[in-house]
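Single-letter residue listing:
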Amino acid sequence: MTENMIICRCEEVTYKALVETANQYNCSARELKLRTRAGMGYCGGRTCRHMVDKMAADLTITKQTDITLKYQPPIRPISFGHLGADES
Amino acid sequence: MNDVIMIGAGPAGISAAISCAQKGLEVLVLDEYLEAGGRLLGQLYEEPNGSWWNGISESDKLHRQAMNLGVQFELNTPVNNIEKLGDHWIIYTENKTLSTNHLLLATGAAESPVPVPGWTLPGVMSVGAAQVMTNVHRVKPGERGVIIGVNVLSSAIAMELKLAGVDIACMALPKMNAITNQQAHPKKVLDSLLHVSHMAPSQFVKMGSKLMKNDFMKKLGVSFYPKNGVTMWDIPIQLRKAVVNIYGNKQVEGVTLANIDTNGDLVAGSEENVATDFVCIAGGLYPLTELAAVADCPFYLIEELGGYVPLHNEKMETPLNGLFVAGNITGIEGAKVAIAQGTTAGLSIAQHAGVDGLEDEIKESIQVVEETRDNAYIQFHPKVKKGRKKVQDRWGNYVGTVSD
Amino acid sequence: MSRRVVDHPVLGSLNEKEPVSFTFNEKKYCGMKGEPIAAALLANDVRTLRHHEEKDTPRGIYCNIGHCFECRVTVDGKQGVRSCLTPLEEGMVIESGGQLPTPVRDWRSSHE
């Protein structure tokens with residue numbers, strides 16, 4: 001049951017997928033994210049980022065303060081229409 | 001262009017707006033929520049003197065005071081990016097782009113979850129969600145719920161739900177896994193609750209204060225923890241039971257509880273189902289720092305403050321010129337501390353904007369922040385003062401490095 | 001509307017706001033003007049706000065303050081609107097999202 005538990009709700013990435021990826025690649029949180037898509041969904045990782053950070057810190061040999069997930073704009077989803085909108 | 005823009009209309013943002021406006025600055029406050037007040041809106045607890053701290057009326061008071069001073073509010077306005085362009089900060093919202101010389105980030109906190117199988121089902125929500133639904137919008141999250149995660153925030157909200165007539169079947173721990181290991185360990189949870197025992201005038205506390213004299217006794221406290229839990233405000237608190245699953249076909253129908261040993265490991269064959277129509281997930285709060293991060297403000301992980309916080313000094317300045325922070329973005333604390341920090345930030349901003357003679361007032365306001373912290377009814381982390389000291393030390397190191 | 005907290009021992013009785021009607025997935029409901037869409041729907045016992053775009057699992061409110069985007073719906077034709085912080089207005093046409101084709105994901109598993 002725990003294995004199929006969702007960690008990233010937006011991209012439906014499971015606990016199992018994250019544990020296996022962390023064990024196999026012994027990687028940073030960023031790599032864990034890029035390999036599984038955890039934290040790359042609609043909410044921008046606001047819900048799961050600490051879980052992904054924690055798994056990377058606890059299950060791999062990287063140190064917690066090494067490379068955590070970064071933030072990049074836009075921090076809220078915006079439509080292409082609004083992105084390219086005429087200010088006037 | 002505005003003199004000052006505050007991002008976040010919570011206690012910190014509004015109180016900063018008030019102190020800036022009192023010094024004659026033109027202030028605009030942005031927030032993505034539909035009402036002003038931020039997380040203060042949902043708060044409701046009885047103070048030691050018997051009066052009630054009512055977040056809705058406190059928010060309303062702050063909001064009115066700010067409006068009377070001419071502060072502009074734009075709600076339902078999410079900010080998706082900020083950047084520095086010369087002397088200006090540029091703020092991007094969905095519909096327009098704003099600029100200012102002085103920007104305050106008062107974006108507050110977000111909830112971190114404890115994942116439990118089945119937690120994506122409709123009817124499962126963060127404990128803060130249930131608080132806002134019940135106290136602010138006056139809609140019950142359900143008729144009978146289970147709260148997963150026993151901590152300061154969830155204990156306070158459990159009482160609030162009870163007050164509104166929502167039945168809480170129990171509060172229990174999440175099942176142990178690589179993510180929940182801190183919140184699923186009975187002894188660690190008990191430890192973390194000791195400093196808030198004054199909030200629970202019940203058997204829980206009496207038991208706590210007598211048994212928790214030393215580590216051995218603490219362990220006993222968990223070992224002999226009553227099988228049916230102890231009750232706080234008539235809500236059973238289960239430190240020896242964990243939720244192993246949330247079940248339901250199209251929405252929540254119940255949770256499966258199992259007994260756990262003193263280390264949080266499951267006792268095989270002890271599973272039981274509890275029927276509920278909603279479930280709250282309570283993993284605590286972390287500072288919501290995304291805008292400070294996209295602005296390239298330096299960050300430090302300070303456990304005592306709830307996570308990564310942007311570097312700042314006592315005057316609520318960041319190392320980036322014209323960028324200020326206040327409230328839970330600087331560390332998880334109560335609304336009263338956020339209001340006090342907001343005042344300091346507002347005065348600092350006014351000083352930056354050229355208002356003379358504020359040095360003493362700023363010093364006094366920093367003093368008020370500390371006094372408010374010392375007298376806080378709810379303390380999210382017992383060592384918050386140590387966390388604050390760490391940030392000041394980091395600031396000293398950073399400023400030293402830059403000037404070298 | 002038994003889900004409304006009409007009387008509260010500390011907060012007092014509920015200030016009745018102007019009632020408005022709206023539709024959700026073509027069904028008609030009543031709510032209070034200006035309250036969040038998600039609150040109006042919950043008061044009507046509607047918990048499922050959308051289905052996951054890929055796996056079709058049902059979703060409702062999660063954080064209720066705009067952080068998680070789980071409660072997103074389509075309002076008067078605009079997609080991705082957070083129902084937890086969008087004020088309800090008379091005559092709103094609200095629709096939930098559902099499963100979408102996912103050719104990229106289907107392709108990925110055979111090319112790892």
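The rules behind these values
Residues numbered from 1 in each chain as written. Chains lettered and ligands numbered in written order. Predicted model: local features only at pLDDT ≥ 70, side-chain atom pairs only at ≥ 80, totals over all residues. Heavy atoms only, no water. Helix = DSSP H or I, 4+ residues; strand = E, 2+ residues; numbered from the N terminus. Expected span 1.5 Å × (residues − 1). Buried < 20%, exposed > 50% of the residue type's maximum accessible area, 1.4 Å probe, protein only. Contact = heavy atoms within 4.5 Å. Buried area = accessible area lost by both parts, 1.4 Å probe. Polar contact = N/O pair within 3.5 Å; in protein donor to acceptor, adjacent residues only side chain to side chain. Nonpolar A, V, L, I, M, F, W, Y, C, P; charged D, E, K, R; others polar. Axes fitted to C-alpha atoms, helices over the stretch in contact; angles between N-to-C directions. Parallel < 35°, antiparallel > 145°, perpendicular 65-115°, else oblique. Left-handed = near helix turned anticlockwise from the far one by under 90°. Core = buried A, V, L, I, M, F, W, Y, C linked by side-chain atoms within 4.5 Å. Domains from an automatic or database assignment.

Going by what an unreviewed UniProt entry lists, chain B is known as Sarcosine oxidase subunit alpha and is assigned to Lentibacillus halodurans.

Where an unreviewed UniProt entry is consulted, chain A appears under the name BFD-like [2Fe-2S] binding domain-containing protein, with the organism given as Lentibacillus halodurans.

All names here are of chain B. Between its first and last C-alpha, helix α1 (residues 11–22) extends 16 Å over twelve residues, near the 16 Å set by a 1.5 Å rise per residue. Extensive coverage of α1 is indicated by the burial of eleven of its twelve residues. The set of residues buried in α1 consists of Pro 11, Ala 12, Gly 13, Ile 14, Ser 15, Ala 16, Ala 17, Ile 18, Ser 19, Cys 20 and Ala 21.

Attention now moves to the interface of chain A and chain C. Of the residues lining the interface, twelve residues belong to chain A; the matching set on chain C comes to 16 residues. Both sides together, the interface formed by chain A and chain C hides about 1300 Å², and carbon and sulfur atoms give 45% of it. Three residues, Arg 9, Glu 12 and Tyr 42 of chain A, lead the burial of chain A against chain C; their summed loss comes to 50% of the area buried on that side. Where chain A packs against chain C, one counts seven residue pairs in polar contact (both at pLDDT 80 or more). Of the residues contributing to the side of chain A that touches chain C, the split by class is four nonpolar, two polar and six charged.

Axis angle and axis distance: for two packed helices, these are the angle between their axes and the distance between the axes, and together they describe the pair. Residue and element names in this part refer to chain B. Close contact between α1 and helix α2 (residues 55–68) brings their axes to 9 Å; oriented N to C, the two are set at 30°. Regarding the angle of α1 to α2, the classification is roughly parallel. As α1 runs across α2, the sense of the crossing is left-handed. Taken together, the residues of α2 that come into contact with α1 (itself represented by Pro 11, Ile 14, Ile 18 and Gln 22) are Leu 62, His 63, Gln 65 and Ala 66. When grouped by side-chain class, the residues that make up the contact of α1 with α2 number five nonpolar, three polar and no charged.

Let's shift gears to the nonpolar core. By size, the foremost hydrophobic cluster in this structure holds 107 residues, and its most contacted members are Trp 119, Ile 147, Ile 148, Val 243 and Ile 246 of chain B together with Phe 22 and Ile 94 of chain C. For this core, the element with the highest residue contribution is helix α1 (residues 37–43) of chain C, accounting for seven residues. Counting only domains with at least three residues in this core, you end up with domain 1 (4–111 + 285–403) and domain 2 (124–281) of chain B. Every residue in contact with Ile 246 of chain B, bar those within four places of it in the chain, is listed here: Val 116, Pro 117, Gly 118, Trp 119, Leu 121, Val 124, Ile 148, Val 252, Gly 254, Val 255 and Val 279 of chain B.

Let us now look at the environment of Thr 93 of chain B. Residue and element names in this part refer to chain B. With respect to the helices and strands, the residue Thr 93 is situated in strand β7 (residues 88–93). Given the relative accessible area of 9%, Thr 93 is considered buried. Other than its neighbours up to four places away in sequence, Thr 93 contacts Leu 30, Thr 77, Pro 78, Val 79, Asn 80 and Leu 98. A polar contact is formed between the side chain of Thr 93 and the backbone oxygen of Lys 96, at a distance of 2.8 Å.

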